[in-house]
Amino acid sequence: MKNLKVFKFGGSSVRDADNVKNSASIIVSFQNQPLLIVVSAMGKTTNALEEVVGAHAAKNGKALEILNAIKEQHYQIMSGLFEPGDEVYAAVNDHFVSVEWVLEEEPHPNYDYMYDQIICAGELVSSVILAAYLNRIGLKTAWLDARDVILTDDIYREGWVQWDETVERAKAKALPLLEKGNLVVTQGFIGSTRENATTTLGREGSDYTAAIFSFCLDAEEMTIWKDVPGVLTADPRLFENVEKLDRLSYREAIEMTYYGAKVIHPKTIKPLQNKSIPLRVRSFIDPKGEGTLISGDVEDNYPPMVAVERHQALVSISTRDFSFVAEHHMSVLFSHIADLRLQVNMMQNTAISFVVCVNDIDDKVERFAQSMQKDFKVLIDRNLELITVRHSLPTVLENLRKGKILLMEERTKDTVQMVVKNVQVLDWKGD
Ligand code: ADP
Ligand code: ASP
Ligand code: MG
């Protein structure tokens, strides 16, 4: 759609009533053009809902109590935005009641399925609240259920988008709302299967949702509103002396985010790159700031950049009978990796062994090890960190290695990757 902008507001930009008002004031300043807004769950709601899921699965009697605390937080935020008795309270309550129904049942044997049916409440209620608030301040706003648009397969917690149908549905459901002059508010992170069961796209997936809508509706530009001035050369929570990057290529952005730069979800870039849709990362604290522009045509002249991915495991697999790993076993290893949707960050092999560095999420590493144990000797080293440095300088690497045990390293033209034990906050530029 001509002139369409897609905005994504993350959890921190709507974490309390003042922040909802601030996000709304940004939206007001763009109200004269078509705008689709994707919003995440408020603050740390998704983490809290994960506790509800865990408590329900463990049948420890705490699930409802945790859910009530989440409800309370939302009512508290709403009291700063609406009059008592506003119809938004009932709309929000309906979504919490749906979770209560799940909690009244025995825990579903498929944990991941149950997780998605509960966890979606965070995005549903935040989008209801934001849409109601925008209407209250006079912006004609339509609420769109993202599950009516984003069709996924039925791998819960990690749904893969079925693109053709999703494009069709976006055109059928979202376009008419925009064409009638509405602002459209929808949820990040959630989708649904063909049987209408809710799925999620993976933690932090709201950025990806915004990219899906941008792709399907041929947006002119997508913007992610963040609590940082833009994409920085490293995570400011871990490093000092970080600098904002004004421009970044899709390629550079995808390489950094895949390896842990938490500022953008890694799946976000591909749909945008495929349609040459520029991505801006801007600050909701300083909305006048230029932010970072990510697009196709950027000169390759970057300062050193660092991404740190925590929760890494090294899995070493060796053959028991001294057969060559590469000749006989690679396809078996890779098919197990693919079945589990394990993210492989680095790998190396010797004559009879194969070592992979993977994201250590849930029980995936154990399941991987178990599936290998019958035929191979398997060793696991956990609680590791993966440091990825692009466009490195010798002093940077030297500083990054201080105080750490280096377990694996790999160098290519623009990238150095290290799997290490124990990362501390340090001054990586050494000044
Ligand atoms: P949201 O509320 O939108 O989901 P997040 O808290 O998930 O936002 O992500 C924003 C945070 O990402 C920033 O506060 C910053 O600490 C972190 N971050 C990690 N790497 C980078 C980077 N390279 N540039 C900017 N921010 C980064
Ligand atoms: N609320 C989800 C999460 O915290 C999705 C997102 O914020 O992007 O993972
Ligand atoms: Mg986030």
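Structure: see above.
Residues numbered from 1 in each chain as written. Chains lettered and ligands numbered in written order. Predicted model: local features only at pLDDT ≥ 70, side-chain atom pairs only at ≥ 80, totals over all residues. Heavy atoms only, no water.

**Looking at the sheet that holds strand S12 (residues 344-349)**
And then number 1: With respect to topology, 6 strands assemble into an open sheet ordered S12-S13-S11-S14-S16-S15, the strand pairing being antiparallel. Of all strands in the sheet, those with a lone pairing partner are S12 and strand S15 (405-411), marking the two edges. Across this sheet, the average inter-strand angle for adjacent strands is 25°, counted without regard to direction.
And then number 2: The pairing of S12 with strand S13 (residues 353-359) spans 5 bridges and is classified as antiparallel. (Pairing = 2+ DSSP bridges. Helix = DSSP H or I, 4+ residues; strand = E, 2+ residues; numbered from the N terminus. Axes fitted to C-alpha atoms, helices over the stretch in contact; angles between N-to-C directions.)

**Here we look at unusual backbone geometry**
Trans is the common state for peptide bonds, and a negative phi is the common state for residues other than glycine.
And then number 1: Of note in the backbone geometry, aspartate 218 takes a positive phi value of approximately 50° without being a glycine.
And then number 2: Mapped onto the elements, aspartate 218 comes out in the loop between helix H8 (206-216) and strand S7 (221-226).
And then number 3: In the Ramachandran plot, asparagine 241 falls in the positive-phi region, its phi being about 60° despite a non-glycine side chain.

**Some details on the site of ligand 2**
And then number 1: Lining the immediate environment of ligand 2, one finds Ser40, Ala41, Thr46, Glu123, Phe189, Arg203, Glu204, Gly205 and Ser206.
And then number 2: At 2.6 Å from a nitrogen atom of ligand 2 is found a side-chain nitrogen or oxygen belonging to glutamate 123.
And then number 3: The separation between an oxygen atom of ligand 2 and a polar side-chain atom of serine 206 is 3.0 Å.
And then number 4: Protein burial of ligand 2: of its 260 Å² of free accessible surface, 92% is covered by the chains.
And then number 5: Its residues assigned to classes, the shell around ligand 2 shows 2 nonpolar, 4 polar and 3 charged. (Near = heavy atom within 4 Å. Polar contact = N/O pair within 3.5 Å; in protein donor to acceptor, adjacent residues only side chain to side chain. Areas by Shrake-Rupley, 256 points an atom, 1.4 Å probe, with all protein chains shown as cover. Nonpolar A, V, L, I, M, F, W, Y, C, P; charged D, E, K, R; others polar.)

**Re the nonpolar core**
And then number 1: Core analysis: the biggest nonpolar cluster contains 53 residues, and Ile37 and Leu134 have the highest contact counts within it.
And then number 2: Counting residues per element, this core draws most heavily on helix H6 (residues 121-136), at 9 residues.
And then number 3: By size, the runner-up hydrophobic cluster in this structure holds 47 residues, among which are Val184, Ile294, Tyr302 and Met305. (Core = buried A, V, L, I, M, F, W, Y, C linked by side-chain atoms within 4.5 Å. Buried < 20%, exposed > 50% of the residue type's maximum accessible area, 1.4 Å probe, protein only.)

**Things to note about the environment of valine 420**
And then number 1: With respect to the helices, strands and loops of the structure, valine 420 is situated in strand S16 (residues 415-421).
And then number 2: The exposure class assigned to valine 420 is buried, which follows from its relative accessible area of 3%.
And then number 3: Residues valine 420 and isoleucine 405, 15 residues apart in the sequence, show an inter-C-alpha distance of 5.5 Å.
And then number 4: When neighbours within four sequence positions are excluded, valine 420 is seen to be in contact with Leu384, Glu385, Ile387, Lys404, Ile405 and Leu406. (Contact = heavy atoms within 4.5 Å.)

**A few points about the site of ligand 1**
And then number 1: Lining the immediate environment of ligand 1, one finds 17 residues, of which Ser12, Lys226, Asp227, Leu232 and Arg237 sit closest.
And then number 2: One of the side-chain N or O atoms of lysine 226 is found 2.9 Å from an oxygen atom in ligand 1.
And then number 3: Taken together, the residues of the shell around ligand 1 break down into 6 nonpolar, 4 polar and 7 charged.

**A look at the packing of helix H2 (residues 45-58) against helix H5 (residues 111-119)**
Packed helix pairs are characterised by how far apart their axes lie and by the angle those axes make with each other.
And then number 1: The geometry of H2 relative to H5 is characterised by a closest axis approach of 9 Å and an angle of 135° between their N-to-C directions. By the angle class used here, H2 and H5 are oblique. Both H2 and H5 take part in a crossing whose hand is right-handed. On H5, the residues touching Thr46, Leu49, Glu50, Val52, Val53, Gly54, His56 and Ala57 of H2 are Tyr111, Met114, Tyr115, Ile118 and Ile119.
And then number 2: In terms of residue class, the contact of H2 with H5 is built from 9 nonpolar, 3 polar and 1 charged. (Parallel < 35°, antiparallel > 145°, perpendicular 65-115°, else oblique. Left-handed = near helix turned anticlockwise from the far one by under 90°.)

**Some details on the pairing of strand S4 (residues 183-187)**
And then number 1: Of all the 5 residues making up S4, 5 are buried; the element is thus mostly covered by neighbouring parts of the structure.
And then number 2: Taking every second residue as pointing to the same face, both faces of S4 are buried, with Leu183, Val185 and Gln187 on one and Val184 and Thr186 on the other.
And then number 3: Alignment of strand S2 (residues 35-39) against S4, held across 4 bridges, turns out to be parallel. Counted as the bridge partner of valine 38 is threonine 186 from S4.
And then number 4: Of the pairings in the sheet, the one linking strand S3 (residues 141-144) to S4 comprises 4 bridges and is parallel in character. Of the residues in S4, the one forming a bridge with tryptophan 143 is valine 185.
And then number 5: Each parallel crossover has a hand, and the one from S3 via helix H7 (residues 163-179) to S4 is right-handed. (Right-handed = clockwise from strand over helix to strand, strands pointing away.)

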